[in-house]
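Now for the letters of each chain:
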Amino acid sequence: MVVSKVKRLSCHCLHVFGWLMLAGQVLWGARLVTEDTACNCAAVGARPFIAVDTKVHGWDVKNMRRIFEMPGTEEFPDREEAQMVLQDDPSLLGKLPDREFDKQAVEKMRAELLEKTAPREYLYATKRNLPIGAVIHFLEEGDNTANRQILPIHHRAFPEDIQLSNSTLRRCSVVQNGGILRGSRCGKEIDSADYVFRDDIPPLTYQALHGKDGDYVQHHVTYYKDVGHKTNFVTASPSLLLHYLDTAEEKDLVVLRRHLKQYKEPGSLIWTHMFDTEKKAQLVLRIMFYGTILKRMGMVSTMVTSHQRFLQGVQDFWKELNLKTPRASHGLMLTAISMALCEETHLYGVWPFPVDYEGRQVPYRYYYGHDSDTKLESSGYDLQEEFDLLRMFHKRGLLKLHIGECRD
């Protein structure tokens, strides 16, 4: 009982400390470094692109058992459109050839990616690659960078330096959240990789959703049978993290900590984005500070924010391959990182169609609830366009797309 009281007091103290630091950020974060106090740090160029509005949708707690224990039956909103596309080009559903990796082509692509994106130097912001006074370029706000510079309060939130191996990893799994993974039993195969990338802090063994009354509905889940549980690198959109931190109550921190403890590989990274807009930067700083609190509460992973230099490099890479949408998705970003750092890139959960090869219905997400069966119209991404690019890479032996069931 004494230990329990001490833990509660500790959490309460951290919560109060968090609010004090947040107040300091609000008071000082808006201050801008003037020209006579700035260092002569090199500016990192960036091109503007269209902003995308992301919204967190509400959650209906009705039919909880059906949602968590029964396969979803809802369809893509664009099912009819997708079927028309497939009728016009049936080859899109043709099974991909089991092509061996073209090692020479892979090496050439890796060299190009390393030069363009420099992940070992700029994958995420650090005290070394973004010193105090460095000019900030927000990718969605054009070239107006007057007086937008790294302040001490920003700098304190960054780790010291990039923590990545200098040697090339042999095999990497990139796991997206497509419903094609349901029932695939690919978990063991995914986890057998040397390094595993995941998208948008997905549920693996635990899921918590907000009910209409504000309380969380928490469940242990078995998604790991299909998607694995090993996680070395996971993306996290600021809007999704703020879904937990919106009220900044102790119960939200506890639930978020429990969710993030699913990613328990030593040295694992939670990668979010600070340099899209100035407004988002303030939110991400707040999130990263809470990350330090969660670390003290037992979270294993380290929370980092992408570097503006890397983001622009990866956007340019996909644009040169004729990507038409305004920006690359997390899935394309993770694919680029993996191809730059790994000898073999294996992709799972990538599928833009509402049916599979056998004509069976495929939900939007592999997990249940919280828009798992609904395509977000405001996502700003063209999933079929991205799939076409990745399918081309597969056929050229640059990576492997895994679609359908895996052998146990």
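Check the entry above for the structure.
Residues numbered from 1 in each chain as written. Predicted model: local features only at pLDDT ≥ 70, side-chain atom pairs only at ≥ 80, totals over all residues. Heavy atoms only, no water.

**Q** Explain the layout of surface pockets here, please?
**A** In this approach the atoms are scanned with a rolling probe the size of a water molecule, which exposes any empty space left behind. Looking at the second largest pocket, its volume works out to about 760 Å³. In terms of lining residues, the second largest pocket is bounded by 29 residues, among which I180, H402, I403, G404 and E405 are the most central. When residues of the lining of the second largest pocket are assigned to their parent elements, the largest contribution, 3 residues, is made by strand β9 (residues 400-402). Per-class residue counts for the lining of the second largest pocket are 11 nonpolar, 9 polar and 9 charged. (1 Å grid on protein atoms, 1.4 Å probe; cavity = no way out; pocket = protein on both sides within 12 Å on 5 of 7 lines; lining within 4 Å. Points joined across faces, edges and corners; volume = space filled by probe spheres on them. Helix = DSSP H or I, 4+ residues; strand = E, 2+ residues; numbered from the N terminus. Nonpolar A, V, L, I, M, F, W, Y, C, P; charged D, E, K, R; others polar.)

**Q** I'm lost on the packing of aromatic side chains in this one. Help?
**A** Each pair of aromatic rings is reported with the distance of its centres and the angle of its planes. Scanning all chains against the criterion turns up 12 aromatic pairs. Taking the centre distance of 5.4 Å and the plane angle of 55° together, the rings of F197 and F233 count as tilted. Of this pair, F197 sits in strand β2 (residues 195-198) while F233 is found in strand β5 (residues 233-235), placing the two residues 36 residues apart along the sequence. You'll find F197 and F233 in the same group, each marked buried. (Phe/Tyr/Trp six-rings, centres within 6.5 Å; stacked < 30°, edge-to-face > 60°. Buried < 20%, exposed > 50% of the residue type's maximum accessible area, 1.4 Å probe, protein only.)

**Q** How should I be thinking about the nonpolar core in this particular structure?
**A** The biggest cluster of nonpolar side chains holds 48 residues, and the ones touching the most others in it are L123, F197, F233, W271, W318 and I337. Contributions of two or more residues to this core are made by α4 (103-117), β1 (169-175), β2, β6 (269-272), α12 (308-319), α13 (330-341), β8 (342-348) and α14 (383-395). Among the elements that make up this core, the one with the highest residue count is α13 (8 residues). With residues up to four places along the chain from it excluded, the contact list for W318 reads L323, A328, L332, M333, T335, A336, L389, L390 and F393. One finds L181, V234, I293 and C406 within the second-largest nonpolar core, a separate group that totals 39 residues. (Core = buried A, V, L, I, M, F, W, Y, C linked by side-chain atoms within 4.5 Å. Contact = heavy atoms within 4.5 Å.)

**Q** Would you mind going over the pattern of salt bridges with me for this structure?
**A** Side chains that carry opposite charge are capable of pairing whenever their charged atoms lie near each other. The full count for this structure, using the stated rule, is 9 salt bridges. Of the charged contacts in the structure, one is a salt bridge between R110 and E107, with a shortest N-O distance of 2.4 Å. Note that R110 and E107 are positioned in helix α4 at a spacing of 3 residues, about one turn of the helix. (Salt bridge = Lys/Arg side-chain N within 4 Å of Asp/Glu carboxyl O.)

**Q** For this particular structure, what's the right way to read the state of the cysteines?
**A** Every disulfide links exactly two cysteines, by a covalent bond between their sulfur atoms. Going through the model one piece at a time under the given rule, you end up with 2 disulfides. The disulfide bridge from C186 ends at C406, spanning 2.0 Å between sulfur atoms. Negative torsions about the S-S bond denote left-handed disulfides, and the value of about 80° found for C186 with C406 makes this one right-handed. Here C186, found in the loop between β1 and α7 (187-191), pairs with C406, found in the segment after β9; they are 220 residues apart in sequence, far enough to count as distant. Comparing C186 with C406 shows no difference in burial state: the two are buried. (Disulfide = S-S within 2.5 Å.)

**Q** Looking at this structure, how should I read the pairing of strand β3 (residues 206-210)?
**A** Residues in a regular strand project their side chains so that they alternate between the two faces of the sheet. Counting buried positions along β3 yields 5 of 5 residues, so the element is predominantly enclosed. Of the two faces of β3, the one holding Y206, A208 and H210 and the one holding Q207 and L209 are both buried throughout. Pairing of β3 with strand β4 (residues 216-220), which is carried by 5 bridges, proceeds in the antiparallel orientation. By the bridge assignment for β4, H210 is matched with Y216. (Pairing = 2+ DSSP bridges.)

Without other data, these values stay purely geometric and don't point to any function.
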